[in-house]
Amino acid sequence: MHPAPSVIVFTVLSGLGFGFLAWLGLGLPAVTGWTAFFCYALGFGMAVGGLIASTFHLGNPQRALKAFTQWQTSWLSREAWLSVLALVFMGLYAIGAVFFDTLIAPLGLIGAVFCFATVFATAMIYAQLATIPRWNHWLTPLHLLSLSLAGGVILAQQGSAALMLLAIAGVVQALHWILGDRRFAERGHTTETATGLGDLGSVRLYEPPHTGTNYLLKEMVYIVGRKHAQKLRVLGFAGMIVLPAAVLALLPTGFVSAVIAISFFLLGTFASRWLFFAEAEHVVGLYYSSKNTQAALNR
Amino acid sequence: MTQLPTQTDKKLGLVIDLDTCVGCHACVTACKGWNTENYGAPLSDIDPYSGDPVGSFLNRVHSFEVQPTAGPAQTVHMPKSCLHCDDAPCVTVCPTGASYKRQEDGIVLVNEDACIGCGLCAWACPYGARELDQAAGVMKKCTLCVDRIYNENLPEEDRVPACVRTCPAGARHFGDFADPDSNVSRLTKERGGMDLMPEQGTSPVNKYLPPRPKDTMKDLDASAPQLAPVVDGPKGLLGWLDKALEAI
Amino acid sequence: MAMNEPILDTSPAVSDEVRQTTCYMCACRCGINVHMKDGKVAYIEGNRDHPVNKGVLCAKGSSGIMQVNAPSRLRAPLKRTGPRGSGEFEEISWDEALELATKRLDPLRKSAPEKLAFFTGRDQSQSFTSFWAQNFGTPNYAAHGGFCSVNMATAGIYTMGGAFWEFGQPDWDRTKLFMIFGVAEDHDSNPIKMGLGKLKGNGGKVIGVNPIRSGYNAIADEWVGIIPGTDGLFILSLVHVLLKIGKIDLSYLSQFTNAPCLLNEDLSSPNHGLVLRDADDKPLVIDRATGKPAPFDQKGVRPNLAATYELDGKIHRTVFQHMAERYLSDEYSPEAVEERCGVSAGRIRAIAAELARVAFDESFELKQPWTDFRGERHETMVGRPVSFHAMRGISAHSNGFQTCRALHVLQILLGTVEVPGGFRFKPPYPKPVEAHPTPHCHSKPDCPLDGPHLGFVRGPDDLALKEDGTPARIDKAFTWDNPMSAHGLMHMVISNAHAGDPYKIDTLFLYMANMAWNSSMNTRGVMEMLTDKDENGDYVIPNIIYSDAYSSEMVAYADLILPDTTYLERHDCISLLDRPICEADGAADAIRWPVIEPDRDVRGFQSVLVDLGVRLGLPGFINEDGSAKYKDYADYIVNHQRRPGIGPLAGFRGEDGTQFGRGEVNPDQLDKYIENGGFFVEHVPEEATFYKPWNQAYQDWAVKLGFYDKPQPYLFQLYVEPLRRFQLAAEGHGDRQPPEHLREQIKDKMDPLPIWYPALEDAHADEKDYPVHALTQRPMAMYHSWGSQNAWLRQIHGQNPLYVPNKIWAENEFQEGDWAKVTSIHGEITVPVAHMAALNDDTVWTWNAIGKRKGAWALDETAPESTKGFLLNHLIHELLPPKGDGLRWANSDPITGQAAWFDLRVRIEKTDPPAESQPEFPAIKSPVGKGPKIVRQKVRS
């Protein structure tokens, strides 16, 4: 899949934002006043900024409100609702915290659940797609949720909880990569099944439909070099998990360590998220790629 | 609307005969011509005269090569457009209801007025049947020429999709799969019409007729009975000729 | 409708109006419905009533709208301002342009008309353009057939009075086995695709003989991946097997062919090898009833195929016996040819057996009585459901003429021509050589030529030679080098004009021929010849006038451009006098008419020729008082008469428009055509549908329609006597003698019975140095260079890799994205490669004419057509390399002059990818600018 900046920024920032807000909603930390103002500004800024970034991905963003209509079937629609609910409840909770020095715990708890649910819905947008085997797995929501909470907890400065959540996120990330690499082959999608010609022999694209490119190729058939991907995985994992954990473990808990840790975390998460898209093989590639490319897909 | 109808009254779709398609791309541009002028936004072409032209097409012909375990490789041309799946994942993912499957005939359409251009339906489609128009920002897909097949301004024989009407080899057939006696149902049954990527569970309506077995002719030895010579050489010819001419 | 579904208008208005005309996106000439909205073209589809396409339309036809709106359309007449080849022009008025042309051409006509060379490329008005050239008086006229498929046309006409494509088609309704040779996707394309669909629907089988399994071969049930250039040998081996097992149609051969004709076997006779004739010049046969000679067409005669006849001590034996002797020889046995052809002996035998089985065991009879030319009534028509097709693939070789002949001989031996289930002619064919003109070349100042330029020679007397024996034509057509060059040799014109051999010309006048690019062999050399200057600094080819509708590569090389219209802005006639669009069951012709008016200062080329004709005072174009005979081309179409009552259009003749074929001029004829959908068709009577060359009912119908003036039944020529006449000359007989260096070639190659010989290039290109055959074919979705300016089609074919088979792919360890250096005896190119398994092991190929010169066709200079696309033309020369005899031999068929594109041999080496395909050429300045950044084609919702 094309690693579109808008979608990467959206998922990373809103994931982190809602993760942070969720912790705030749980009262961890139970901030009020100016501290709360800055915390919520940061949380809402990232969550809303991410959501706004996602609209850059739309062909007709002026109709975005229509996306609230199909919550019965569409995870994107559910995400829209959940994010609004999360923002509303967390907003009310934040008003109490910032302006009235009051923490209305049930509001915060409901808000936190919606934050959590929003990230889950975001993840399900990807996880539901049978066309992208790498994503189409229960690890995908776990991956995005664990990162959201781990990132959030770094900002929330909750001490050793961060280390634990980073460890979980690290394991999930590793599993997502390791199992993800096998998913396409496990699903049994091949050019033979894609064309239905497998009974006749082995099938190979000999001439693409157009010599030029198209939306599908640009959007869904993104080929990333294996070496390049491995390098990014190492860098991403280091930035996202190892370095923040090291910073948090070695430096005393506080603003400075949180800033350093979250900076590493963000960089690492951007790398990871770039790979999340770039490495996601869409089955439509079977109609467009030759055996060589498929070998790469099935590696 | 993003809920799929539990059942449609008709199941309109195409049968594409891979034994007959010569890969001429006629269906590709006939489709482009009709659908740029008709349903919804025009099918744009970005940088059409430059180094990297990108246009919206609702139907494209892929050319594959099949290598059997024995015998020479074969070439198969495969036109591909929306398969109007019964379990169309592109419909249920749509957040706005723009993407829908018609109750009356099962055609999967995009209501462009409601489309926000998020692209998720294209992601959900295993077949690459949907293309986001880069100029209009809305999702384009095969409409099965819904504005032709019922169009009372067209003569009855022309009320078929543009690709079917134009196909020179007659490799494309249009009809109602819900009717077991329809041309498409019969062809599917007789010729073993198949689904593309059935493991995706989309239950495509469109069917592909597989190529007939190829290169089945067996080499003949000189001693084969049908090769029994009537003459040994030019000399023997005259005798045979006399007899043969008498027989005429 | 379910709840919440949007309300949909499923019956929108389709258009304001439908205008029916003829497509010109290739040479198929289908009928089209042009849907108009607000006076603009909104949608184009096939015309269901049209005889050619019956409603279907190909990818090109359906993209016509992008051709009509193409940014590459020329806008006004252009006068060159920069050096030739730069693309620098200024726009001028039509008055100035026509004045310039007239000033240049008028003195030529008055002094030496041959100094004008007028050649037209993809011209669909050859009967008109040749008429103009004839009236101008120059012998130098032809269209592009010489570098296209003249071998096929000529071999067909000489053998059976017609060939494939516009000459004939399989009986698609009844044929059960269809065998197709070589690249054939480019002519008659929609009818063949429709036919293949029909055949498959009927359960018929297809055998494809082609080194490349693409296009029609992709759906062939059996694929014979033959080595290029060996088809003739393969066919003659099939003939060998069929003769050996006696699976030939003796009845057909004895009645309808010259198999029973008697050949003089006296070695010393000037008539040696000629057919024995009676005093009326009628070929004689031996009647089996009487044992005596009789004219072939005598009522009741039963020609004896096995006869030997002695006259004045000279032995005469039948053509059939000569054929049997030759083809039963072991030289043509499957074992002898298998290695050369790359087809196993067992497979050759299997195919021969299958042809025999279907032709004879699946034979059937139609209950349709008919009467033959001998007056004999037949109660039924016997069907032999085997049919064949071939086109450029076997044609564009230096052995192409004889290969095409071999294929026709195979058809005839099986008795599958003009019978149900077999191959059928399309009116006005069949038409024997005798019904065609001979070439004419005698030019005099201020005087029309003595007759039509092109024709079919009967013997050395018909060659286009001057008194001194030198070629009369600039292209050296109809000379000893290539005596049967019935379509001329357009591919030799520029190099001959540049060399001043056989003489210098002044003006090269070209129409729709991209000679500075994909239509020339040795493209770089041709560009150099077009720009070469003499010692005075003047161009060696002094003046070049060119007409094209689009900014093609050739435009930059002309001094004066006469911009043509697109096909929807013009009048044309697809005439029975020209290259007709008939189907086997009917005679048909068609028109184009301006369904839209040009929005630029352009004019239909034919109307421009009418105007020039008047300005030059050409006899066919002015009345006695010097006034214009025709206002424009439309006026010519309606009012011109070739013979009394016979004009360019056969339909709606006579004052009331009710006559067809023959009839007075009808001033409303074009309106009648428009009312009728742009075409006219008259169906062949039932009794006349088969056996056309010998069928009295057909012959009478043909006379009624004006194809010829009296019935002229004839025999199929298994043995082509005109070829023998050239051999006789080479053997020293007769007054007109070939030059010494050509005697052997004529003796060897102009065999009156089909032979096979290796491609002439093989004698120059060592198989070790150049082990690979290199071919091109035109993609079905693109017609030569025209498609690249089409925004839709160029997305399908915007670049062309060199397709490489398994063996060469593995040998070179190629990977996807690799490039290769491809070297021939003539040149070298560096190009991208791609893998294809369904390809002959020793053959590479690419799509033709995708590669473009930077700056042409209003494309951006980064266009993949220029950066990755390429031409094989750079590897092919119009001449073979010197072989030390002081002569340069043409890279063409020695019989017809057909350009031998497909003889090319190369070697392939993997190489580092260059930045762009090599060779690279500097960009030419676009006289029309560049195309827009975005196209959203829609007239109105």
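See above for the structure.
This is a predicted model, so every value here is computed, not measured.

1. Observations concerning the packing of helix α1 (residues 5–25) of chain A against helix α10 (residues 255–278) of chain A
Residues and elements named next belong to chain A.
- Put simply, α1 and α10 touch, their axes get as near as 10 Å, and they point 125° apart. Here α1 is positioned oblique relative to α10, judged by the angle of their axes. Our pair here, α1 against α10, has a crossing hand that is right-handed. Of α10, the residues touching α1 (which contributes Val7, Ile8, Thr11 and Val12) are Thr269, Phe270, Arg273, Trp274 and Phe277.
- The class makeup of the residues in the contact of α1 with α10 is 6 nonpolar, 2 polar and 1 charged.

2. Side note on unusual backbone geometry
- In this model, Pro427(C) is joined to Pro428(C) through a cis peptide bond whose omega is 5°.
- Within the secondary structure layout, Pro428(C) lies in the loop between β22 (423–425) and α14 (490–499).
- Backbone geometry places Cys145(B), a non-glycine residue, at a positive phi of 50°.
- You can see Cys145(B) is positioned in the loop between β9 (139–141) and α4 (146–149).
- Exposure remark for Cys145(B): the 27 C-beta atoms within 10 Å place this residue in the buried category.

3. Describing helix α16 (residues 605–615) of chain C
Residue and element names in this part refer to chain C.
- Burial within α16 is extensive, with 10 of its 11 residues counted as buried.
- Looking only at α16, the buried set comprises Phe605, Gln606, Ser607, Val608, Leu609, Val610, Asp611, Leu612, Gly613 and Val614.
- Turning to α16, the residues buried within the fold contact α3 (94–111), α4 (126–136), β23 (507–511), β24 (543–548), β25 (560–563) and α17 (633–639).
- Looking one or two residues past α16, Gly617 carries a phi angle of roughly 65°, positive in sign.

4. Thoughts on the interface of chain A and chain C
- Each side of the interface is counted separately: chain A has 6 residues, and chain C has 8 residues.
- In the side of chain A that touches chain C, the residues fall into 1 nonpolar, 5 polar and no charged.

5. Section: the interface of chain C and chain B
- On the chain B side, the residues contacting the 88 residues of chain C number 84 residues.
- Examined bridge by bridge, strand β2 (residues 45–46) of chain B and strand β35 (residues 934–935) of chain C share 2 bridges and lie antiparallel to one another. For Asp45(B), the partnering residue across the bridge sits in β35(C) and is Val935(C).

What counts and what doesn't
Residues numbered from 1 in each chain as written. Chains lettered and ligands numbered in written order. Predicted model: local features only at pLDDT ≥ 70, side-chain atom pairs only at ≥ 80, totals over all residues. Axes fitted to C-alpha atoms, helices over the stretch in contact; angles between N-to-C directions. Helix = DSSP H or I, 4+ residues; strand = E, 2+ residues; numbered from the N terminus. Parallel < 35°, antiparallel > 145°, perpendicular 65-115°, else oblique. Left-handed = near helix turned anticlockwise from the far one by under 90°. Contact = placed C-beta atoms within 7 Å. Nonpolar A, V, L, I, M, F, W, Y, C, P; charged D, E, K, R; others polar. Buried ≥ 20, exposed ≤ 12 C-beta atoms within 10 Å, placed from the backbone. Pairing = 2+ DSSP bridges.

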